Structures are given as structure tokens and as C-alpha cells.
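# Inside the fold
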There are 2 protein chains.
Amino acid sequence: MAQPRVKRSELSTPPEFAGDPIVWAAWLYYEERMTQEEVAERLGVSRASVVNFLQEARDRNIVTIAVASRHLQSVQIARELSRRYELNSCVVIPQGSDELPIYERIGRAGARLLLDILEPNDVLGVSWGRTVLSLSAELAEAKMPGVTVVQIAGSAIGTKEFSPELCTTNIAYRIGGRCVNLHAPGIVSRPDVKKLFMQETSLVEQFRLIRSCTKVLFGVANLSDASTALRSGYMTPEKIKPYVKRGAIAVMSGRFLDAEGHPVLGALDEQMIGLTLDEIAQIPERICVAGGVEKIPAIRSVLRGGYATILVTDEPTARALVDADD
Amino acid sequence: MAQPRVKRSELSTPPEFAGDPIVWAAWLYYEERMTQEEVAERLGVSRASVVNFLQEARDRNIVTIAVASRHLQSVQIARELSRRYELNSCVVIPQGSDELPIYERIGRAGARLLLDILEPNDVLGVSWGRTVLSLSAELAEAKMPGVTVVQIAGSAIGTKEFSPELCTTNIAYRIGGRCVNLHAPGIVSRPDVKKLFMQETSLVEQFRLIRSCTKVLFGVANLSDASTALRSGYMTPEKIKPYVKRGAIAVMSGRFLDAEGHPVLGALDEQMIGLTLDEIAQIPERICVAGGVEKIPAIRSVLRGGYATILVTDEPTARALVDADD
DNA sequence: ACTCTTGATTGACAATTGTCAAGCGATCTC
DNA sequence: GAGATCGCTTGACAATTGTCAATCAAGAGT
């Protein structure tokens, strides 16, 4: 039954068809449940090659393997969190291998969830940060007709591997939607400079769009430890000092919150270009992706303030949030 | 590090949360790439249980594993078929294990493709048959906003495990769309009975909807061998005799075609309730799911007649169709 | 014509995964 | 309350899968 074994290079294989054995190996293995040995025989290569084909098929997203986010939402601890903080929905990922940093693991769960809840013609506001960037990188490709992705907070300088725009462009590209970036810094030097920027017609239009967001996606940072905001030079310790003095412990989308979830306003707010906390709270569906024990107080603050309708986090953090007494 | 091993039944596990360990096993194994042993340790159960959990997770579609249909379309033989018969797209599945019947394997590929090409607000016409039924059973659950699924050919009596309505209801249920079944037999006893039926307001409305289909899905049957149509009592040998005499070799959606792909009309056409071939040809996107060497002449006839814009078939059949001389 | 480099392929071995019969405990029946 | 039954769990073994260093083919450079 087995065909004679031929090396791939001996077959007349124009380069554009080189994917064939990979696709077929994937089909036979994953859909028809043949063993790798059977696939190898059918394709006329060694089993080791089949292993390589399958690896490449996964890498190139020819096969997709994903845990449906609605099932993560039905996990007990997720339900408890939803009830406690009146969330529309909540995803809790189990404590797993520590090989990947927590924000990548949460980013992946957030990516699955985002695809499940995005609807055609949504306008998705996107803040920026480490977890949001991970989410954008983990997103599977999918066609979501008519979706617009807009940046809701001005940019920081950006390091080699991280620029704020990457969050929006990644997401927009993968879901095949329109991408609208804010062409403005997140913090300008003086309040009057902000006014100048905000009068620019392009920014006026962008803000009109931003205020029509149907969903928004953001992370949360601590003020105490080295967050992306600090490391990226977006904020400096002296700039945030007055906020800390007045009780600020958390930052979301560049804005400050105290432990109770109340906004902490200050001079800097008049220099920031991006949605305010009040404006974010107007958006119907607000997805917060954040986890890790060090962020617990900050996340609690966001939840108490009612700024999130959906939370994606990890198990230890979720337990701490449920156990917290108000 | 390992938690003490506790039996699931010793934990306070209200039945509605019984899925928890299954969901988490799935996440840890498939998303975090832990080994089953690590998962077992983390969950405090034996590895054998993890195997069972993962099995159940797959069965219950908590994890989905699927080969993207657009990659099957890029396979060489599929491109050749597309060029040869001017198809918009073509999916060819490789010859695999013979454990599953050919129509189930093609049904699965068709299911993947359907999800890829369905767009919001589509009106999908669905014929009925063995392969279409398999497709409907293999379809993954997904929300396709605003899609309507309509039956385009009246029903036959239906056997225990197969009723024509199942094709439409399955598809509609899984994509979360509206389901419109034809409440009429596929073949009535006399032409004047058909006229009476067609004047019924409910049928008039249904046919108006059917004629607005944006996509249509159908199989093909041979006339020579025992097709579903014959086995289900929908047609009888004596009824189809006149058609065979005049060259009919294929049936699609209850209507007859000759080897060249030309319609073969006859007395029976005036007793059939359902779309005519001409009406089907008006629909913009026409998906034909059919395979198996015995169906080659019938499929070729459908392709020659230009009744399909998308074909889902298997490799040996595809090769035969490409090699055929016109 | 020879050698070097690159990238795909392979066989042999190690690790992981699937199977299955036996075990265990909860619940039901008489 | 003994015994039967059902469903879930487990340990041990068998089968499958992943790894990796060695090999091979083809093209580039001298």
C-alpha cells in the first residue's frame, strides 16, 4: 500500500506549492486522527518529517488549537468574581507553568475572549501596555467585518521591542479591521500645548471616533513598582509624586486611581492626551486584562471603581480578589 | 510543590461546577503546553485522569482543533480544479484512513469551509442529503450574526436517524441563526396539488425568502446507485426511469442533470416543491459537497453545468475531475 | 572539479501519551 | 445492613510522539 519513498526535492514541486505536504499532514493527523506513522506512510516520508510538518503547521496557524473562553468563564472562581464585582463576564486562567511570564499567559486568554465577544461593526478602544501587547500578539487571525480599532491614549517614545501603536496595529491587522492611531504624545509638556493638540482637526475627528467606542481594552499598573509606564519614560517618579501623596495606587490608560477606585486628578491630567476615566466609564463593554499578585491592590481598585465589565486574570489573583473584604 | 491528592468527590463540588478540572486541564495542556504529568500534579489527580479530562474536553468542544480551510484551498490539486472549472474556491481533502465513510470526511471539510465563508446577514439555502447532514453535524459552534438558514427542497418522510429538516436545524442551531424549514413534501402526487401548495401564503413567503439566498449548499447523487433519495423513498426507480432514458445521470437538490450538465426536465418536475436548477444558478455563491469515485460523473456534470462556485471533494475524485477530457 | 554552506531528512533513542483491567466509594435495592 | 450497581479513578504496560546528532542533496564560491 505504501508509496515508494521519495524525497520532497525529487518531486516536481514549484515553490508556491511547497506547503502541500504540511497541510495534508495536518489534515490527516488532526482531522482524520491517523497516527504519525500512518501519515508518514501515506505521504512517503519518514515519521520524523511528519513531526516537523506538524510543528510547522501549528507555527503557521494551519491548524489552530484553542480553549474556548466561554468555558473558562464557567469556572467556579470566575463566577464568584463576576458576582462579587458585578462583572458581565470573567475569565480566570489556572496557575500553570512559570515558564511564560504572567502577562503573556493572561494576554493569550484575553485574545481568546476578545475574539469571542467582538461583534461586527464594533469600535474597539485600545490602551497600551505589556499585557495588552501580549494579547495583540496572541490573537488568532479572523475576519471581523467592519471593526475599527482605535488607540485611546497618546503614545510614549517606545522602546525597540515595544511601541504603543503596536497594540492597535496588531489587533487591527489580525481581525482585518481598520486601525486608527493617535498621532500625539501621551503626555505633553504644558497644558496649553495639550489645548493646541486637541484643536487639530485630525485629533478632533479621532476623538469623536474614540468617544463612540462600543468596547474598550486596557491593562492596569501599580504605581509602586516599575511598570511599563515608568520604564518607557512615559512617566517619571517626580511627576507622579503628587498623585501618590494623594493616595493614588493604580494607573489605567494613563490615569490614576486610589485604593477605593476613585479617580485621583492632578496637574498631569491637563497634559495627558487620551480618554479620561469618566469617558472610559461611558463605554458599554470594558475589558480589563491584568494579573499577578503584585497587581492585586491595583486591580481591586479598578473593580471597586466599576471601570471594568469584563476581567481576565489568573487564579491566585482571582482568589485574593474574592477573599478581599471591603 | 504537589498538592495532596484528593479525590474529586471529596471536594465540595456542586454539580454545576463539575467541569472545572476539565477546563483547567485543557488550558494547562493545550495553551500552556504543560505535560500531562505536570497537569496531573497541578490538579492533584493521576495522569490517567488527565487523559480522561482532555478526552472529555475535546468531546465537549472545550478545546477546538481545526485545520483552516483556506490552507486546504491552496493545495495544488485544488488550484487546478478551480482553474479548470472556473470555481471561486475549492477544497480537496487527502485520501486518508478509510475508517470514516467518505461523506463524513467531506462533510467535515465542508463544515470548516462554511464557517470561513459565511458572512453576517447571509441567507444560506440548504438542500438535503447524506453529505450535507454530515456537514451539519461537524459544524463547530459559532455566532454568525443575522444569518438565516433555509431549506430549499421539500422533505421526504425521513428515517429514524435522518430527516431532511435536521440538515437545516443543525446548521442554524450551531451558527446561532434563524431556521426556516419548508413545510411541504419534496414531491407531491399531482401537478395541481403542487399549485395548491405553492399558493399557500406561508409557502409563498418562504419562497420569497429562498429566492433571496446569498449562498446555497448542496450535495450530488448518482442516479445509478442507491442514493439517499432512492433509499429514503423520496424517489422510486419507476419515477426516474423517463429521466434516465433521456440521459439524466445526476441529481442535485432533487433535480436531474445529464452528463453535459444540462437540466433534464420531465413530468416529475411539476410535482417537486423546491428551487429549480435555474433558480439555484442565480444564487451568487453555490457550494457543492460531494466525493467518492462512484460520484465522479455526477460531480463532473454539476461542474460542467456551472452549478457550483465552490467544490469540496476528496483527492482521488479531484484528480479524476482534473484529468477528465472534455 | 572540489569544498563549503545551508537546509531538509532520517534512524535510533528517550519521553510522553493512550489503554485497560482492577479498585474504590457512593448510592440504591431488597 | 448485605449486596449489587454505577461512575470515576488509578497503576502498569503498550503505543505513540518528540528529540537530536548524523546524513544527504543542492547550490555557491574558488
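An unreviewed UniProt entry annotates chain A as Sugar-binding transcriptional regulator originating from Dongia sedimenti. Reading the Sequence similarities (unreviewed entry) entry of the UniProt record for chain A gives the comment "Belongs to the SorC transcriptional regulatory family."

Time to look at the overall build of chain A. In terms of helices and strands, chain A carries 15 helices and 11 strands. When each of the 326 residues of chain A is scored for burial, the buried share is 54%. Counting only contacts in chain A whose residues sit at least 6 apart along the sequence, the fraction spanning at least 24 positions is 70%. In the structure as shown, chain A presents an accessible area of about 14600 Å², 51% of it carried by carbon and sulfur atoms.

Residues and elements named next belong to chain B. A sheet is described by the order of its strands in space; here 7 strands give the open sequence β2-β11-β10-β6-β3-β4-β5, paired in parallel fashion. Pairing within the sheet leaves two strands with one partner each, and these edge strands are β2 (89–93) and β5 (178–180). Pairwise comparison of adjacent strand axes, ignoring direction, gives a mean angle of 15 degrees for this sheet. Judged from the 3 bridges that link them, strand β10 (residues 285–289) and strand β11 (residues 310–314) form a sheet pairing that is parallel.

Turning our eyes to something else, we now look at the protein's contact with DNA strand D. Around DNA strand D, 13 residues are found, and the nearest of them are A:Y29, A:Q36, A:R47, B:S46 and B:S49. Among the elements that make up the surface near DNA strand D, the one with the highest residue count is helix α3 (residues 47–59) of chain B (4 residues).

Counting residues at the interface gives 50 residues for chain A, matched by 49 residues for chain B. Of all residues in chain A, A:W24, A:W27 and A:E31 bury the most surface against chain B, accounting for 17% of the area lost on that side. Viewed at the interface, chain B and chain A are joined by 8 salt bridges. The residue A:E31 makes a salt bridge to B:R112 at a minimum N-O spacing of 2.8 Å. Where chain A meets chain B, there are 20 residue pairs in polar contact (both at pLDDT 80 or more). Put simply, the parts of the chain that give the side of chain A that touches chain B at least two residues each are α1 (20–31), β1 (63–67), α4 (69–73), α5 (76–84), β2 (89–93), α6 (102–117) and α15 (315–323) of chain A. Top element by residues in the side of chain A that touches chain B is α1(A). It accounts for 8 residues. Class assignment for the residues of the side of chain A that touches chain B results in 24 nonpolar, 8 polar and 18 charged. As paired elements, β1(A) and strand β1 (residues 63–67) of chain B share 5 bridges and run antiparallel to each other. Each bridged residue has a counterpart across the sheet, and for A:I65 the counterpart in β1(B) is B:I65.

For the rest of this paragraph, the subject is the protein's contact with DNA strand C. Near DNA strand C lie 12 residues; those nearest to it are A:S46, A:S49, B:Y29, B:Q36 and B:R47. For DNA strand C, the backbone portion of the atoms within 4 Å of the protein, that is sugar and phosphate, comes to 62%. One of the side-chain N or O atoms of B:Q36 is found 2.5 Å from a phosphate oxygen in DNA strand C. Listed by contribution, the elements that provide at least two residues to the surface near DNA strand C are α3 (47–59) of chain A together with α3 of chain B.

On to the packing of aromatic side chains, then. Residues and elements named next belong to chain B. The full count for this structure, using the stated rule, is 4 aromatic pairs over all chains. Residues Y243 and F256 carry aromatic rings whose centres are separated by 4.0 Å and whose planes lie at 20 degrees to one another, so their mutual orientation is stacked. One end of the pair, Y243, is in helix α12 (residues 237–245); the other, F256, is in strand β9 (residues 255–258), and 13 residues separate them in sequence. Grouping residues by exposure puts Y243 and F256 together as buried.

What follows concerns the sheet that holds strand β9 (residues 255–258) of chain A. Residue and element names in this part refer to chain A. Overall, antiparallel pairing links the 3 strands, which are arranged β7-β8-β9 in an open sheet. Two strands bound the open sheet, and with one partner strand each, they are β7 (221–222) and β9. Where strand β8 (residues 248–252) lies against β9, 4 bridges are found, and the strand directions are antiparallel. By the bridge assignment, M252 is partnered in β9 with R255. Against the sheet, helix α14 (residues 296–304) makes contact with β7, β8 and β9, and its axis sits at roughly 75 degrees relative to β8, the strand it touches most.

The next point concerns the domain arrangement of chain A. On domain assignment, one finds that chain A holds domain 1 (8–59) and domain 2 (69–324). Centre-to-centre separation of domain 1 of chain A and domain 2 of chain A, based on C-alpha positions: 41 Å.

It is worth spelling out the pattern of salt bridges at this point. All names here are of chain B. In the structure shown here, the tally under the stated rule is 25 salt bridges over all chains. Among the salt bridges present, the one from E138 reaches R108, with a minimum N-O distance of 3.3 Å. Highlighted residues: E138 in helix α7 (residues 130–138) and R108 in helix α6 (residues 102–117), separated in sequence by 30 residues. You can call E138 partly exposed: its relative accessible area is 24%. A residue is classified by how much of its surface remains accessible, and R108, at 16% relative accessible area, is buried.

The next subject is the environment of B:N170. Residues and elements named next belong to chain B. When you line up the elements, N170 lands in helix α8 (residues 164–175). Looking at N170, the relative accessible area reads 17%, which means it is buried. Excluding anything up to four places from it in sequence, N170 contacts L133, S136 and A137. A distance of 3.0 Å separates a polar atom in the side chain of N170 from a polar atom in the side chain of S136.

Sheet faces and side chains relate simply in a regular strand, where the side chains alternate between the two faces. Covered by surrounding structure in β9(B) are B:R255 and B:L257 together with B:F256 and B:D258, the residues of both alternating faces. Hairpin connection from strand β8 (residues 248–252) of chain B to β9(B): 2 residues lie between these consecutive antiparallel strands, with B:S253 at a positive phi of about 50 degrees.

On to a negative patch on the surface. On the surface, a cluster of negative charge is contributed by A:E37, A:E38, A:E41, B:D98 and B:E99. Within the secondary structure, B:E99 sits in the loop between β2 and α6.

Once chain A is rotated about the relating axis by 179 degrees and shifted along it by 0.0 Å, it coincides with chain B to within an RMSD of 0.1 Å. Those values place the two copies in the arrangement expected of a two-fold rotation axis. For chain A, the minimum C-alpha distance to the rotation axis belongs to A:I65 and amounts to 2.3 Å. Interface overlap between copies is the fraction of interface residues in one copy that are interface residues in the other; for chain A against chain B it reaches 98%, indicating a shared surface.

All names here are of chain B. With their axes 10 Å apart at the nearest point, helix α14 (residues 296–304) and helix α15 (residues 315–323) run at an angle of 55 degrees to one another. On the basis of their axis angle, the class for α14 and α15 is oblique. Crossing geometry of α14 relative to α15 is assigned as right-handed. Listed contacts from α15 to I296, I299, R300 and L303 of α14 are T317, A320 and L321.

The rules behind each value
- Residues numbered from 1 in each chain as written.
- Chains lettered and ligands numbered in written order.
- Predicted model: local features only at pLDDT ≥ 70, side-chain atom pairs only at ≥ 80, totals over all residues.
- Heavy atoms only, no water.
- UniProt positions renumbered as here; feature names shortened; annotations may be inferred.
- Helix = DSSP H or I, 4+ residues; strand = E, 2+ residues; numbered from the N terminus.
- Buried < 20%, exposed > 50% of the residue type's maximum accessible area, 1.4 Å probe, protein only.
- Contact = heavy atoms within 4.5 Å.
- Areas by Shrake-Rupley, 256 points an atom, 1.4 Å probe, with all protein chains shown as cover.
- Pairing = 2+ DSSP bridges.
- Axes fitted to C-alpha atoms, helices over the stretch in contact; angles between N-to-C directions.
- Near = heavy atom within 4 Å.
- Buried area = accessible area lost by both parts, 1.4 Å probe.
- Salt bridge = Lys/Arg side-chain N within 4 Å of Asp/Glu carboxyl O.
- Polar contact = N/O pair within 3.5 Å; in protein donor to acceptor, adjacent residues only side chain to side chain.
- Nonpolar A, V, L, I, M, F, W, Y, C, P; charged D, E, K, R; others polar.
- Phe/Tyr/Trp six-rings, centres within 6.5 Å; stacked < 30°, edge-to-face > 60°.
- Domains from an automatic or database assignment.
- Patch = residues over 30% accessible without salt bridge, like charges linked within 9 Å, V, L, I, M, F, W, Y side chains within 5 Å.
- Lys, Arg positive; Asp, Glu negative; His and termini not counted.
- Charge placed at Lys NZ, Arg CZ, Asp CG, Glu CD.
- Least-squares fit on C-alpha atoms with pLDDT ≥ 70 in both.
- Parallel < 35°, antiparallel > 145°, perpendicular 65-115°, else oblique.
- Left-handed = near helix turned anticlockwise from the far one by under 90°.

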